[in-house]
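Per-entry structural report
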Amino acid sequence: MPRRDLPPPPPPTHLRAWLDDAVVRADRARFLTDLGRLSLGAARLLTLWLVSAVFALGWSFVGMALMAFEEGGAAEKFVGAVFLVLGAGVLVPAGFWFVWGAKRDREVRRLLCAWAGFEREPGDAALLRAPGRSLGWLLSSLALSGLGLWVTFGSAGTARPGTDTYGEVAYFMGLGMILWITGLLGAGKAAAHYRWALRALRPGPSASPASPARPDPDGEPARALPAGVSAQVPAQERRSASTESPPLGSG
């Protein structure tokens, strides 16, 4: 079932013939715009970076725990255990938050695919491709990935024995890996959306024709019945002359 904060799915096939085409087209354009912003909007990118920042905070506690364990004293080990618990308390909720975001993205993509294939319009190209948002996601994600690689390999390459501890090197390398993975996720999402938009804009099979229109006995214009529904004539109207009782006095 769709979430309350997401647009509804397209109407089923048996109801499309009974809906106003202008209203349906307006709803489709509005829903595609909303779903595109939910998928590649600036708020979604900031949310991804915020989740990454929470992961970085949790890893900072883990890094301080490693550096405390490296000291070897009893007090340092106790402090390290405290930092390790704090790190787990931050990383575990961040993991649940990330999984929730992934499920929401999957639902948004499902609705976006459904509305994109529903009664296509000539102006769908710019609406589905979203070149500005895709480019913004791609460039910012590549910059973040480059920063993560620089932090990872820079911390490992500039470490000196006796000056930098193993805990410090592990902390900076882990922080760089978080930034690098976050950038890869953003760049992959932008590229996947653009490829999907190109596939969605390809001409597809035409919709199946609706059932023939049922005549109105009052003289009003005939209205097409939904697909799969046949016009049934009442039993009283289906009686033939041979089944009717003869009039009185006809022998």
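Conventions and cut-offs
Residues numbered from 1 in each chain as written. Predicted model: local features only at pLDDT ≥ 70, side-chain atom pairs only at ≥ 80, totals over all residues. Heavy atoms only, no water. Helix = DSSP H or I, 4+ residues; strand = E, 2+ residues; numbered from the N terminus. Buried < 20%, exposed > 50% of the residue type's maximum accessible area, 1.4 Å probe, protein only. Contact = heavy atoms within 4.5 Å. Phe/Tyr/Trp six-rings, centres within 6.5 Å; stacked < 30°, edge-to-face > 60°. Lys NZ or Arg CZ within 6 Å of the ring centre and 35° of its normal. Patch = residues over 30% accessible without salt bridge, like charges linked within 9 Å, V, L, I, M, F, W, Y side chains within 5 Å. Areas by Shrake-Rupley, 256 points an atom, 1.4 Å probe, with all protein chains shown as cover. Salt bridge = Lys/Arg side-chain N within 4 Å of Asp/Glu carboxyl O. pLDDT = per-residue confidence, 0-100. Core = buried A, V, L, I, M, F, W, Y, C linked by side-chain atoms within 4.5 Å. Axes fitted to C-alpha atoms, helices over the stretch in contact; angles between N-to-C directions. Parallel < 35°, antiparallel > 145°, perpendicular 65-115°, else oblique. Left-handed = near helix turned anticlockwise from the far one by under 90°. Nonpolar A, V, L, I, M, F, W, Y, C, P; charged D, E, K, R; others polar.

1. Details of the overall build of the chain
Secondary structure assignment for the chain yields seven helices and two strands. Ordering the α and β elements of the chain from the N terminus gives α-α-α-α-α-α-α-β-β. Of all 251 residues assigned to the chain, the portion counted as buried reaches 29%. If you take every contact in the chain between residues at least 6 apart in sequence, the share linking residues at least 24 apart comes to 79%.

2. Re the packing of aromatic side chains
Within this structure, the stated rule accounts for three aromatic pairs. Each ring, one from tyrosine 171 and one from phenylalanine 172, has its centre 5.1 Å from the other, and the planes form 65°; the classification is edge-to-face. Stacked on the ring of tryptophan 196, the Lys or Arg arginine 109 has its end atom at 5.4 Å from the ring centre. Cation over ring: lysine 189 sits above tryptophan 137, and NZ or CZ is 6.0 Å from the ring centre.

3. A few points about a nonpolar patch on the surface
Together, Phe98, Val99, Met177, Ile181 and Leu185 line one region of the surface with nonpolar side chains, adding up to about 400 Å² of accessible area. A relative accessible area of 37% means that phenylalanine 98 is categorised as partly exposed.

4. Observations regarding the environment of aspartate 21
Relative to the assigned elements, aspartate 21 resides in helix 2 (residues 21–40). Remark: the alpha-carbon pair of aspartate 21 and glutamate 119, spanning 98 residues in sequence, is separated by 9.8 Å.

5. With respect to the confidence of the model for the chain
Of the residues in the chain, 75% reach a pLDDT of 70 or more, and the chain-wide mean stands at 77. Per-residue pLDDT, averaged within each element of the chain, yields its smallest value for strand 1 (residues 213–214) (41) and its largest for helix 3 (residues 42–71) (91). For residues 205–251, every residue scores under 50 in pLDDT, and the model assigns this stretch 30 contacts once sequence neighbours within four places are set aside.

6. Let's talk about the nonpolar core
Judged by nonpolar contacts, the single largest core of 15 residues is most densely connected at Leu32, Leu35, Leu112, Trp115, Leu128 and Trp196. Secondary structure elements with two or more residues in this core: helix 2, helix 4 (74–116) and helix 7 (166–200). Setting aside its immediate chain neighbours within four residues, leucine 32 contacts Leu112, Trp115, Ala116, Leu127 and Leu128.

7. Side note on the pattern of salt bridges
Between side chains of opposite charge, a pair can form as their charged atoms come close. Scanning the entire structure with this criterion turns up four salt bridges. Across the pair aspartate 27 and arginine 30 runs a salt bridge, and its minimum N-O distance is 2.9 Å. On the criterion of helical spacing, the pair formed by aspartate 27 and arginine 30 is a turn pair, its members being three residues apart in helix 2. Given the relative accessible area of 22%, aspartate 27 is considered partly exposed. Note that aspartate 105 is salt-bridged to arginine 44, the shortest N-O span being 2.8 Å. Residue aspartate 105 is found in helix 4, and its partner arginine 44 is found in helix 3; the two are separated by 61 residues along the sequence. The class of aspartate 105 is buried, set by a relative accessible area of 19%.

8. Quick look at the packing of helix 3 against helix 4
Relative orientation of the contacting elements helix 3 and helix 4 amounts to 160°, with a least axis distance of 8 Å. Compared by their axis directions, helix 3 and helix 4 come out roughly antiparallel. The element helix 3 and its partner helix 4 pack so that their crossing is left-handed. Residue composition of the contact of helix 3 with helix 4, grouped by class: 21 nonpolar, six polar and five charged.

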